[in-house]
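Reading the structure
Listed here are the chains, written in short residue letters.
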Amino acid sequence: MAGVVGSHGVREDHLWMIISVHAMLLVLAQEGYHFLEYDFREANLYLDGMANTNGGPLHLTNDTKASTGHAMLKTPMNFTASSPSSFSFSTQFVFVIFPLAKPPAYGQGMAFVVAPKIDLMISANGTATSGLGLFNSANNNKTETRILAIELDTNESSEPLDQSDNHVGIDVNSIFSVQYANASYFDATEGKNKTLLLASEKPILIWIDYDGTEKLLNVTLAPVPTPKPVSPLLSSSIKPSVPLLSRPINLSEIFNETMFVGFSGSTGTVKSDQYILAWSFKKGGKSENIDLSKVMDPPTRPPPPSAPPPPSPPESEFKGSKTLILVATIPSIAILLMLGGILYLYQRRKYAEVLEQWEQEYIPQRYSFKNLYKATKGFKESQLIGAEGFGKVYKGELLSGTQIAVKRVSHDAEQGMQQYVAEIASMGRLRHKNLVQLLGYCRRKGELLLVYDYMPNGSLDNYLFNKEKVKDLTWSQRLNIIKGVASALLYLHEEWEQVVLHRDIKSSNILLDAELNGRLGDFGLARFHDRGQNLEATRVVGTIGYMAPELTAMGVATTKTDVYAFGSFILEVVCGRRPVDPERPVEQMILMKWVATCGSRDNLMITVDSKLEGNFKAEEVKMLLKLGMLCSKSNPENRPSMRHIVQYLKGNVPVPSISFDTTGFGMPNISNETVTQMTTTSTSANFSFEDVTILFGGR
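Residues numbered from 1 in each chain as written. Predicted model: local features only at pLDDT ≥ 70, side-chain atom pairs only at ≥ 80, totals over all residues. Heavy atoms only, no water.

1. Considering the overall build of the chain
- Along its length, the chain carries twelve helices and 26 strands.
- Counting every position in the chain, which comprises 699 residues, the buried fraction comes to 51%.
- Long-range contacts, defined here as pairs at least 24 residues apart, represent 69% of the contacts in the chain between residues at least 6 apart.
- Carbon and sulfur atoms make up 53% of the accessible area of the chain, which totals about 32,500 Å². (Helix = DSSP H or I, 4+ residues; strand = E, 2+ residues; numbered from the N terminus. Buried < 20%, exposed > 50% of the residue type's maximum accessible area, 1.4 Å probe, protein only. Contact = heavy atoms within 4.5 Å. Areas by Shrake-Rupley, 256 points an atom, 1.4 Å probe, with all protein chains shown as cover.)

2. Describing the nonpolar core
- With 81 residues, the main nonpolar core has F566 and F569 as its most contacted residues.
- Excluding anything up to four places from it in sequence, F566 contacts I482, V485, A486, L489, I505, C631, M642 and I645.
- Judged by nonpolar contacts, the second largest core, of 52 residues, contains A51, L196, L217 and L244. (Core = buried A, V, L, I, M, F, W, Y, C linked by side-chain atoms within 4.5 Å.)

3. With respect to the packing of aromatic side chains
- A full pass over the atoms with the stated rule returns 20 aromatic pairs.
- When the ring of F263 is compared with that of W279, the centres are 4.6 Å apart and the planes differ by 70°; the resulting orientation is edge-to-face. With F263 in strand β16 (residues 258–266) and W279 in strand β17 (residues 272–283), this residue pair connects regions lying 16 residues apart in the sequence.
- Here K283 stacks its cationic end above the ring of F79, 4.8 Å away from the centre of that ring.
- The cationic tip of R408 hangs over the ring face of F379; the distance from NZ or CZ to the ring centre is 4.1 Å. (Phe/Tyr/Trp six-rings, centres within 6.5 Å; stacked < 30°, edge-to-face > 60°. Lys NZ or Arg CZ within 6 Å of the ring centre and 35° of its normal.)

4. A few points about the pairing of strand β4 (residues 68–73)
- The buried fraction of β4 is high, at six of six residues.
- Burial along β4 is two-sided: T68, H70 and M72 and G69, A71 and L73, pointing in opposite directions, are all buried.
- For strand β2 (residues 45–49) and β4, the ladder comprises five bridges, and the chain directions are antiparallel. Bridging across to β4, Y46 finds its partner in M72.
- With five bridges joining them, β4 and β16 adopt antiparallel strand pairing. Looking across to β16, one finds that T68 is bridged to S266. (Pairing = 2+ DSSP bridges.)

5. Description of the side chain of S184
- Tracing the backbone through its elements, the reader meets S184 in strand β11 (residues 184–187).
- For S184, a relative accessible area of 7% translates into the label buried.
- Of the polar contacts made by the side chain of S184, one reaches the side chain of N193; its length is 3.1 Å.
- Beyond its immediate sequence surroundings of up to four residues, S184 is in contact with N193, K194, T195, L196, L221 and L244. (Polar contact = N/O pair within 3.5 Å; in protein donor to acceptor, adjacent residues only side chain to side chain.)

6. Describing the side chain of T220
- For T220, the position within the fold is in strand β14 (residues 216–223).
- The exposure class of T220 is buried, given its relative accessible area of 3%.

7. Comments concerning the confidence of the model for the chain
- Taken residue by residue, the chain gives an average pLDDT of 81. The fraction at 70 or more is 77%.
- A low-confidence stretch, residues 1–31 stays under pLDDT 50, and its non-local contacts, those more than four residues away or across chains, total 13 contacts.
- Under a pLDDT of 50 for its full length, residues 123–129 has, in the predicted model, 15 contacts with residues more than four places off or in other chains. (pLDDT = per-residue confidence, 0-100.)

8. Brief notes about unusual backbone geometry
- Residues T226 and P227 are joined by a peptide bond in cis, for which omega reads -5°.
- Structurally, P227 is set in the loop between β14 and β15 (245–248).
- The phi dihedral of K377 falls on the positive side, at around 55°, and the residue is not glycine.
- Looking at the element boundaries, K377 is found in the loop between α3 (369–375) and β18 (384–388).
- Accessibility expressed as a relative area gives 52% for K377, which makes it exposed.
- Non-glycine residue F379 carries a positive phi angle of around 55°.
- Position of F379 among the secondary structure elements: in the loop between α3 and β18.

9. Structural notes on the environment of T376
- Topologically, T376 is positioned in the loop between α3 and β18.
- Its relative accessible area of 0% is what places T376 among the buried residues.
- Residues contacting T376, with those up to four places away along its chain left out, are Q383, Y394, K395, G396 and V406.

10. Considerations on the packing of helix α10 (residues 618–631) against helix α11 (residues 642–650)
- Close contact between α10 and α11 brings their axes to 11 Å; oriented N to C, the two are set at 170°. Classified by the interaxial angle, the pair formed by α10 and α11 is roughly antiparallel. Residue-level contacts link M623, L624, L627, L630 and C631 of α10 to I645, Y648 and L649 of α11.
- Its residues assigned to classes, the contact of α10 with α11 comprises eight nonpolar, no polar and no charged. (Axes fitted to C-alpha atoms, helices over the stretch in contact; angles between N-to-C directions. Parallel < 35°, antiparallel > 145°, perpendicular 65-115°, else oblique. Nonpolar A, V, L, I, M, F, W, Y, C, P; charged D, E, K, R; others polar.)

11. Remarks on the packing of helix α8 (residues 559–575) against α10
- Between α8 and α10, the least distance of the axes is 7 Å, while the angle of their chain directions is 150°. Accordingly, the angle class assigned to the pair α8 and α10 is roughly antiparallel. Here α8 and α10 pass one another in a crossing that is left-handed. Contacts from V563, Y564, F566, G567, I570, L571, V574 and C575 of α8 reach α10 at V621, L624, L625, L627, G628, M629 and C631.
- Looking at the contact of α8 with α10 residue by residue, the class counts come to 13 nonpolar, two polar and no charged. (Left-handed = near helix turned anticlockwise from the far one by under 90°.)

12. Concerning the environment of L120
- For L120, the position within the fold is in the loop between β7 (109–115) and β8 (148–153).
- Residues L120 and L134 lie 14 residues apart in sequence; the distance between their C-alpha atoms is 6.8 Å.
- L120 has contacts with D48, H70, M72, V113, A115, G133 and L134, leaving out every residue within four places of it along the chain.

As structure tokens, then:
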């Protein structure tokens, strides 16, 4: 009996030990798990391939050809969808790469990786080495791969985003980067990016930060100061203020619940030594700063030996054969070189871009034209989703699976381009749920390409006016769209670091996401002002029916001219017709005047869109029509601010009583000539003063 009891006791001890270990791993995998390593000999790492920790540094690759090295943290990371912030993580590490060839050739490169398994060994007939030890033909560009990698690529490639032998890239399930930039760092003293050679034999610091709430991934580089500091020097003191790469990514769509973090490196026919000298990581917060005085010195490397020349054959041997071979081979080689040159020039011209020195600081917002060309299937007509005064808009899908909209804007002038690209970079930093996110841009000779989030339900005007294309909107959906656009304008006018004037608010510039939420887009006419800055007159731009009288008279755009346009937009959504419609009877041609006339007769309900078939709340209709007219006052001082408008829409404050006397409103001044032109043009109901040259020369 004693033996049986003892046996059970042993089994229970083992069971509790297993449970304890699993519990400990689960705790470690939760939010806030962090570590900082300077000596990797005792680190909690799983190593395979060439990787070792001899001497203290983490040594990923060596002088072995066509091989890989992996070092993965044994502790799993728990990424769940409990909250957006649960996907946040931050890491920084010091690396150094030594080329092992003479003259210098830099090998395949290395990567920081987040993967669903700890064992990354790939058997792929040698092709694994060309995929940084992560990707091959079996798993490349597959959603189920579930790998995020930040590549430090020292190998030139012909792929769309890898045309450099010294770049940093963001890889999602594929060796083809979704975004890349030539390795550089922002020098605040000089105010520009400076090139950084990855395989320089000198230590380099890299920061990788993912904000799960904003769904934004930032990658930043900087050289480690030399000589090595003797007193404490924290990594935060040298971190550049501008990241090299900044990419919106939703990791909840990529990661499994359990993921592993670590490093991967590979060699091909060219070899390199790749070292990690220090590593800090934290899940759910900012990683601990590295003390650069504690970082191990990189191993010293002897210069790579020169390869001895091959022995020469005897002079008398095979002279005749060599002559025949040369006679046959040289023309073939010449033809191949010529064909290769023609193909290279064709490809270069086909995907040619314009990139000037001043654009270096905007590299994180820049897309490769080749990548956009492939994403839109060569800008085929089948991908066309819109055509406007400024250009055509195409649907595209990046290699990562992200759907985008690409607007091609033609231009033949460079005047004002630097200012405009700077504003594009500023637009990319705007963050509001009711704004269409501008992801980046690309420049080619004669055109500019703007890359946006793709909105699957198109523009609002299609829902309001195109009966054949889409269904009608319900009243609650219309009200929600108006509230969303108002919230976005409040953000632009008062809540961002600068005052942003949109200058072209209308239903065709309101895009609808998958849930039919309204998002304000098309910032082609937008202007940015520092707060308190005196506004200057500019060329009159906008669309008839949405332009305030002071804008057409003096050319001065303010937040109150945006408010006027928003008022016209409210009337447009409620009444289901454009602000100016020359095909209607004279008394109804100008929507604002018609609403004022009906309001003075206490008959506002007659103006409501008939497609609603009476399915609306009368008190909400009256509130919106009064608010639309209040925004349309001829005197800008009598118009409410967007903050007041949002309060009215929320019901926190009642809309003030107004007189519907038409003399108090800024009625569009439409001449008979303009009406004729609007009637005969194909876009009659949306006749515009827009001019593409304004984008570059008349801002």
